[in-house]
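# Structural characterization, general
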Amino acid sequence: VIKNLESVEVPFECDQNRVTSQASKGIKAAVQQLVDVQIPGFQWVRGISMEKIGKHFVELIPRSLSLQAKVNGDWRLKNALHVLTEVNSVNGGRRMTISSL
């Protein structure tokens, strides 16, 4: 997690007993790796998938209702309020890069 422009480690809570019991029964649990991002002044962008390798556009929605009305009224503004997410496979892991257009 990025908090005040610093990387902060957040513990991941998981029911280890459930995972162990499923593994012992031969059940493979599908775990989705999703990332949520908030850019100041915009709503949370939820569920950016780390599973989809490649480049994808994600829409930003302003928090202000008046700005939302302006954006919805002009397709150029709506197209400009996207960020580019790129997921790459690096050393057996995944790396996500988010950049503005």
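Report on the accompanying structure. (Residues numbered from 1 in each chain as written. Predicted model: local features only at pLDDT ≥ 70, side-chain atom pairs only at ≥ 80, totals over all residues. Heavy atoms only, no water.)

## Some words on the pattern of salt bridges
What the rule picks out here adds up to three salt bridges. Between R46 and D36 there is a salt bridge, with the nearest N and O atoms lying 3.3 Å from each other. Placement of the pair is R46 in strand 4 (residues 45-49) and D36 in strand 3 (residues 34-37), with a sequence separation of 10 residues. According to the relative accessible area criterion, D36 is partly exposed, its value standing at 39%. (Salt bridge = Lys/Arg side-chain N within 4 Å of Asp/Glu carboxyl O. Helix = DSSP H or I, 4+ residues; strand = E, 2+ residues; numbered from the N terminus. Buried < 20%, exposed > 50% of the residue type's maximum accessible area, 1.4 Å probe, protein only.)

## Describing the nonpolar core
Of all hydrophobic cores here, the largest spans nine residues; its members are V37, F42, V45, I48, V58, L60, V71, L81 and V83. Non-local contacts of V37, meaning those with residues more than four positions away in its chain, are made with Q43, W44, V45, I48 and I98. (Core = buried A, V, L, I, M, F, W, Y, C linked by side-chain atoms within 4.5 Å. Contact = heavy atoms within 4.5 Å.)

## Remarks on the pairing of strand 7 (residues 93-100)
With eight bridges connecting them, strand 6 (residues 82-90) and strand 7 associate as antiparallel partners. Within strand 7, the residue paired with L84 across the bridge is S99. Here strand 6 folds back onto strand 7 in antiparallel fashion, the turn holding two residues, of which N91 has a positive phi close to 50 degrees. (Pairing = 2+ DSSP bridges.)

## Let's talk about the sheet that holds strand 5 (residues 54-59)
Reading across the sheet, the three strands line up as 5-6-7 and stay open at both edges, with antiparallel pairing between neighbours. Both edges of this open sheet fall to strand 5 and strand 7, since each of them pairs with a single strand only. Taken pair by pair, the neighbouring strands of this sheet meet at an average axis angle of 25 degrees, ignoring direction. (Axes fitted to C-alpha atoms, helices over the stretch in contact; angles between N-to-C directions.)

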